[in-house]
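Residue-level structure breakdown
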Amino acid sequence: MALGGLLVLAVALFLLWGLRAPVAFILSLRSEKLAALVLVGAATGAATVIFQTIAANRLLTPGIVGFDALFIFIQTTLVMILGGVGYADLPETPKFLAEAAGLTAAAMALFGVLFRKGAEDVIRMILTGVILGALLRGLAEFVQRLLDPSEFAVVQQASIASFNSVDEGQLGIAAVVLVLALLAAWRLAPALDVAGLGRAKARTLGLPHDRLVLAALGIVALLVSVSTALVGPITFLGLLAASLAHAALRDFRHTVLIPAAALIGASILVAGQAVFERVLGLQSALAIVVEFAGGLLFLALVLARRRT
Amino acid sequence: MIEVENLTLARGGAAVLRDLTFRIPARGITAVIGPNGAGKSTLLHTLAGLMRPDAGSVTIAGTDIHRAREDERALILSLLTQSAGTVPRLNVRDLVGFGRWPHHRGRPTQADARLTDEVLERFDLTDLGGREVEELSGGQKQRAFLAMAYAQATPWMLLDEPLAALDPKYTRDIMERLRAIASDPDDPRGVVLVLHDLSIAADHADWCVALKDGRLHCAGPWRDSMTSDRLSALYDTPLRMVSVEGRTVVMDT
């Protein structure tokens, strides 16, 4: 498929652009970063497609209903409790595991609150998500006021996604979890098609709708939490990948939508990182580049929308 | 046969269905009628197992609907809901194909594809098969959803106001198709539908279930149980059944 070619192209670009001796060393360095980019991009893209189907809304992402705010709040609280040095001294792998587990649990709680009545009541769901997000952001900001400047810098560093400092051990664990979650998502794909028809319709077709929603949200929580714990929050990547997948395929079947969104998400991150490293000379952060483009696309989507 | 016993359901502290007991025979068209807010939709959703009653039971074709699993229910009855939403990019053929889901659960076979084509043919949708459902007119859309419910191949089809917002041509089209489905000698289905147009009910219904304030007003064969007096009492307004050119018309007086 053309999208697979796109990813191969992006990968080649990232690996080979400006390559010079020592080739082997640079390649191994780059391929490790590449793995992180592909994993996070694929996980975020797939998670957003699933989330949008469950929410019956093509503009919602896990980030928009307050997931990012949750991550920043947890980081801030950790720094507050442990202090900047204590936070930096935390052993990396256990911290990653605890963070991923904590985020997954918190995300399930958040989604649980949002979807208690299914996706029927979209307005209530969006409002609850936005207000919860604002509350968490407000709490995080309040705690940040209490921090001293050096601790505040630590929080800020942790709040922006970065692929420059990915630990090898964490990457291995994340890879296993994410690949398993992606496979599980793909297995759910035909049932998600039915769920897209709405709760009543899905149930009369014999789909245990509420159990499916729970399973799908569990997968979404896992995908988003593990990638966020690995690199930090990227708000608009998912929206970008999901919208492009819907636009490119013009299809409703999740068996193709999920892989497409995963490929697009991975391609965007890999290509973005290549451009950002070689053209912008690391003078900003990849997340900022992606969010700039994603933010523009989001506005365009909202403004161009004629129905619902 | 649908057997309803002592069915009681409350929502938000208010009783919606009160101690309903009635039967619907296996064949023909059954009209569920009654004034607005009488509990007709709630009754249909409860029969379909989508709402759980506080007391009483619903037995369809020998199966207790509220004890059965979702996948078992989907082989006994299909439900056409009001305001059936759809997904962008979903075409008519795929929509009708969803009706086969209870049989293949995500792994459609050749037989499912063939059956889907037959259903499209039967509902004159073959030419529209590639069109997006969202692009269809209200009448065509309703016909597509009806075809989807039919493709489910269940002995019972429940329809919640299938004629809402349809013009006379499509009203007639849908009712004639339902009549054909209910009296198909090879594959008869029990059809239960919520109706507001009493003339259509009088013209087509074999059996009738009338609700008022969540209570059973009357149930039985339409011909025997429906009179002008009963209809007037049901709707709290003077109504008269008259015969015009051999058909029954309900008019206010």
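The text that follows walks through the structure, step by step, so that each part is easy to find. (Residues numbered from 1 in each chain as written. Chains lettered and ligands numbered in written order. Predicted model: local features only at pLDDT ≥ 70, side-chain atom pairs only at ≥ 80, totals over all residues. Heavy atoms only, no water.)

The next subject is the pairing of strand β3 (residues 29-33) of chain B. Residues and elements named next belong to chain B. Counting buried residues in β3 gives five out of five residues, a clear majority hidden from the surface. Neither face of β3 is open: one carries I29, A31 and I33, the other T30 and V32, and all of them are buried. Pairing between β3 and strand β8 (residues 190-194): four bridges, direction parallel. Bridged to T30 within β8 is V192. Here β3 pairs with strand β9 (residues 207-212) via four bridges, running parallel. Bridge pairing in β9 places A31 opposite C208. (Buried < 20%, exposed > 50% of the residue type's maximum accessible area, 1.4 Å probe, protein only. Helix = DSSP H or I, 4+ residues; strand = E, 2+ residues; numbered from the N terminus. Pairing = 2+ DSSP bridges.)

Moving on, we get to the pairing of β8(B). Residue and element names in this part refer to chain B. Here β8 lies mainly inside the structure; five of its five residues are buried. On β8, burial covers both faces: G190, V192 and V194 on one face and V191 and L193 on the other are all buried. Bridging between strand β7 (residues 156-159) and β8 involves four bridges; their strand directions are parallel. In the sheet register, M157 faces β8, and the bridge partner there is V191. Each parallel crossover has a hand, and for β7 linked through helix α7 (residues 168-182) to β8 it is right-handed. (Right-handed = clockwise from strand over helix to strand, strands pointing away.)

Further remarks concern the nonpolar core. With 144 residues, the main nonpolar core has F111(A), I33(B) and L178(B) as its most contacted residues. For this core, the leading source of residues is helix α2 (residues 23-55) of chain A, giving 14 residues. Once residues lying within four places of it in the same chain are set aside, the contact partners of F111(A) are F51(A), P62(A), V65(A), L217(A), V220(A) and A221(A). One finds V4(B), A38(B), L44(B) and L79(B) within the second-largest nonpolar core, a separate group that totals 29 residues. (Core = buried A, V, L, I, M, F, W, Y, C linked by side-chain atoms within 4.5 Å. Contact = heavy atoms within 4.5 Å.)

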